[in-house]
Amino acid sequence: MLKLEKLNSETFEDIVESAVKEIARHDTSWNNLQAADPGMTLVDLLAWLKAMQHQYMSVIFPESKRRFLELLGMESRPVQCARTLVEVSGAETDLRIPEESKWRAGELVFENRTPAAALASRLKSVVFRSGERAEQVEAGQLGQGRLFPVFPGLGAEPVREPREEMRLFFTDPIPSEWVFSLYVSLQEDPRRTPVREGDAFVPLARLSWEVYTRDGWKEAEVVRDDTHGFLFSGFLSLRYEGEMAPLEDQGFAVRVRLLQDGYDLPPQVRDIRFNVVEVFQQDTLVRQDVFRGPAVMESHLGLFGRHRVFVKGEEGWQETGFSLEEQDGKQVILPQRESGGETMVISYGLDEPQGVTLGSGTGFSHQRLEFPLVKKGILDLNLLIGRGRGEKTTFTQWEKREDFYSSGPRDRHFVMDAEEGILQFGDHVQGVMPPKGEGNILLGQCRVSRGKEGNIKAGQIRKLDALSPALAALTVRQILPASRGEDGEKLEETLARAEEALRSGERAVTAADYQALLRKIPGLIVENSRVLTGFAGPEDRRITLVVQGAGRAREQALPSYEENIRQVMDRHRLLTTQIHVVWPRRVELVVRGRLAAAPYGQDAPGQVRRRIEQFVRDLNQNFGSVFSFGELYCAVDLLDCVERIESLSVEPVGEYIQKTTADDILAPPNSIYHITRFELSFTGSL
């Protein structure tokens, strides 16, 4: 990055001192340089003006810094909600848990962002099958420290026609078209790069989830899979259509079949939990819903809170009375005034004394409105501000902005000041100012979160705060610590992140760039890599990536690995660069020798074998390294258990291999060495 010159490097005293020295050079008759001299007063004044000019020239105001960040495609990260999983049990009938229901952990409130279910059914057993072989495990045996292979027939090589599956048996049928959820705890490899939200990832294996119905096995829809095909422990939710039927008197069955095997490491499961709900540390104080048809209330506040209803007019939203009706078991709001096609419902809690009224417009520029909730961490906030009186009042939506820098005279924007706990409005030059009115500033939507404070230990969430007696009676257990909660990012932190992003760069140019990207490919384990040019000869202009994965992907190409690598490299390579991906090629070695063991030497054969194996492992850290016979000879000869080496040789087996007159081995640049056989004999004491 360019280093910016600091223009105000001189202090006021430095400027005055420099000016006094200039006086002596230009006019020797001016010899009274005391502070009482009128001329020195002018010097001080001019020095102060220069210091102020330099200070303002060096300052970049926060508004300008945000614009520079926008040019880089970066913005300050808002507060991030902590998230965790809770297990619910004790439901006598199948229950729906409304969206944004309140889960309590002391003073902290967590909410589920999507509707959830508490089903009467329980997980009974799990069966792991490979062809005709099967192992049945009772639900109570899970989570006791033992690992079970999800697909037990997988070996060292990928299976071409897999017959592996895992079956889950439940005590009662799961309702059709209901989303039901599992938490799968797996044996995870810490070397595997996480797959984050928004990452493009090609699953290593192809799976099919199915439910056993009266019409046989029927494919289920995977609504969400945070395990990414059993690579990570995570949340899994499914939905199906039909009617479940019992299978072989074992219960009601759900299975996952392996259709295409591309795993690097076959997955192993620790535990499976049913009736699991993902919750976020947030508190929805005011919720806004806009409907183009019947206003069906399905959220917690929509079902159990208070409401203010607005219909869309030509100039904005106008408030109207309403009535509540039950239609098909759902609560529907019917506005008294005919709408133009859209109805907006503002829902809020019963314990809000002022409802959604935030204040009154003054009609003056830069109006400031106290709003202490700003200090708690705002996730989502917008306002409704009305113009007019009584039934003729028309409300419009106002949006939150970081500043008024880009706001025009007609933009309905407001700014939050988190430190002072206020909302500030514009001046009709940058942002509209609210019109004068009584109680005409309303909260349109408001969610808050405490960021890092929400990262609590497991077992803290013990209660579902529901007005429904059936939901309130559920047993709630938090099964994982809450994580990923972060406070809102300050401007200085965003600038530091932008500087780091510019330093690291987004384009792959050097070999180090490519290797760094390989280590960050979502869902993969890249143990080692090398970047080559001219791999196929002098005319080869491609960039060749030698990639060594884990397990089955150490020495053989897995299609899913290569596809994920190409997917990432295509986003970061230079436009004219072509990428070629290869795997390590094995060079098999046969080690022969006759050695004399030293007197009193212990386990000489074992020590020699281990030293040679370590030598090869060290050599394989860099693909295609020259196998130096002299270095191996010295490594063996220096062992205390070896008195002398009578003969020693290493014979390579493989294509495109050369052996020099010094018995060094030259192999292709993507080679790794593997000892297939030792033929060693020892004389003397063993």
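See above for the structure.
Before going into details, it helps to say that this report is about the structure given with it. (Residues numbered from 1 in each chain as written. Predicted model: local features only at pLDDT ≥ 70, side-chain atom pairs only at ≥ 80, totals over all residues. Heavy atoms only, no water.)

A look at the packing of helix 9 (residues 604-619) against helix 10 (residues 629-637)
For the pair helix 9 and helix 10, interaxial distance at closest approach is 10 Å and the crossing angle is 145°. Of the two elements, helix 9 crosses helix 10, and the hand of that crossing is right-handed. Side by side, helix 9 and helix 10 meet where Val 608, Arg 611, Ile 612 and Phe 615 of the first sit next to Glu 631, Leu 632, Ala 635 and Val 636 of the second. Its residues assigned to classes, the contact of helix 9 with helix 10 shows 6 nonpolar, no polar and 2 charged. (Axes fitted to C-alpha atoms, helices over the stretch in contact; angles between N-to-C directions. Helix = DSSP H or I, 4+ residues; strand = E, 2+ residues; numbered from the N terminus. Left-handed = near helix turned anticlockwise from the far one by under 90°. Contact = heavy atoms within 4.5 Å. Nonpolar A, V, L, I, M, F, W, Y, C, P; charged D, E, K, R; others polar.)

Digging into the packing of aromatic side chains
Overall, the coordinates contain 14 aromatic pairs when judged by the stated rule. Aromatic pair Phe 310 and Phe 395: ring centres 5.5 Å apart, planes at 75°, arrangement edge-to-face. Here Phe 310, found in strand 20 (residues 306-312), pairs with Phe 395, found in strand 28 (residues 394-401); they are 85 residues apart in sequence, far enough to count as distant. Classification of Phe 310 as buried rests on a relative accessible area of 1%. With centroids separated by 5.4 Å and ring planes inclined at 70°, the aromatic side chains of Phe 627 and Tyr 673 adopt a geometry described as edge-to-face. Pair noted here: Phe 627 is in the loop between helix 9 and helix 10 and Tyr 673 is in strand 41 (residues 671-684), with a separation of 46 residues, a long-range link. Of the two residues examined, Phe 627 and Tyr 673, each falls in the buried class. Through successive ring pairs, a cluster of aromatic residues spans Phe 151, Trp 209, Phe 230 and Tyr 263. Taking NZ or CZ as reference, Arg 96 lies 3.9 Å from the ring centre of Trp 178, over its face. Positioned over the ring face of Trp 217 is Arg 255, at 4.1 Å from the centre of the ring. (Phe/Tyr/Trp six-rings, centres within 6.5 Å; stacked < 30°, edge-to-face > 60°. Buried < 20%, exposed > 50% of the residue type's maximum accessible area, 1.4 Å probe, protein only. Lys NZ or Arg CZ within 6 Å of the ring centre and 35° of its normal.)

Quick look at the pairing of strand 35 (residues 543-548)
The two faces of the sheet receive side chains in turn, since in a regular strand these alternate between them. Burial analysis of strand 35 places 6 of its 6 residues in the buried class, which makes it a mostly covered element. A two-sided burial pattern is seen for strand 35, the buried positions comprising Ile 543, Leu 545 and Val 547 on one face and Thr 544, Val 546 and Gln 548 on the other. Across 4 bridges, strand 35 lies against strand 36 (residues 579-582) in parallel orientation. Opposite Val 546, over in strand 36, you have Val 582 as the bridge partner. Following the backbone out of strand 35, through helix 8 (residues 559-572) and into the adjacent parallel strand 36, one traces a crossover that is right-handed. (Pairing = 2+ DSSP bridges. Right-handed = clockwise from strand over helix to strand, strands pointing away.)

Some remarks on the sheet that holds strand 35
The 3 strands are arranged 34-35-36 in an open sheet whose pairing can be described as mixed. Two strands close off the open sheet at either side, each with one partner strand: strand 34 (528-533) and strand 36. Ignoring strand direction, the axes of neighbouring strands in this sheet form an average angle of 25°. The sheet contact formed by strand 34 and strand 35 spans 6 bridges and is antiparallel. By the bridge assignment, Val 531 is partnered in strand 35 with Leu 545. Together, strand 34, strand 35 and strand 36 form the strand contacts of helix 7 (residues 511-519), whose direction differs from that of strand 34 by roughly 145°. Against the sheet, helix 8 makes contact with strand 35 and strand 36, and its axis sits at roughly 155° relative to strand 36, the strand it touches most.

Topic: a nonpolar patch on the surface
Taken together, the side chains of Phe 12, Leu 42, Leu 45, Leu 46, Trp 48 and Leu 49 define a hydrophobic patch exposed on the protein surface, amounting to about 600 Å² of accessible area. Looking at the nonpolar patch, the element that brings in the most residues is helix 2 (residues 38-58), giving 5 residues. Turning to its location among the elements, Leu 42 is positioned in helix 2. (Patch = residues over 30% accessible without salt bridge, like charges linked within 9 Å, V, L, I, M, F, W, Y side chains within 5 Å. Areas by Shrake-Rupley, 256 points an atom, 1.4 Å probe, with all protein chains shown as cover. Salt bridge = Lys/Arg side-chain N within 4 Å of Asp/Glu carboxyl O.)

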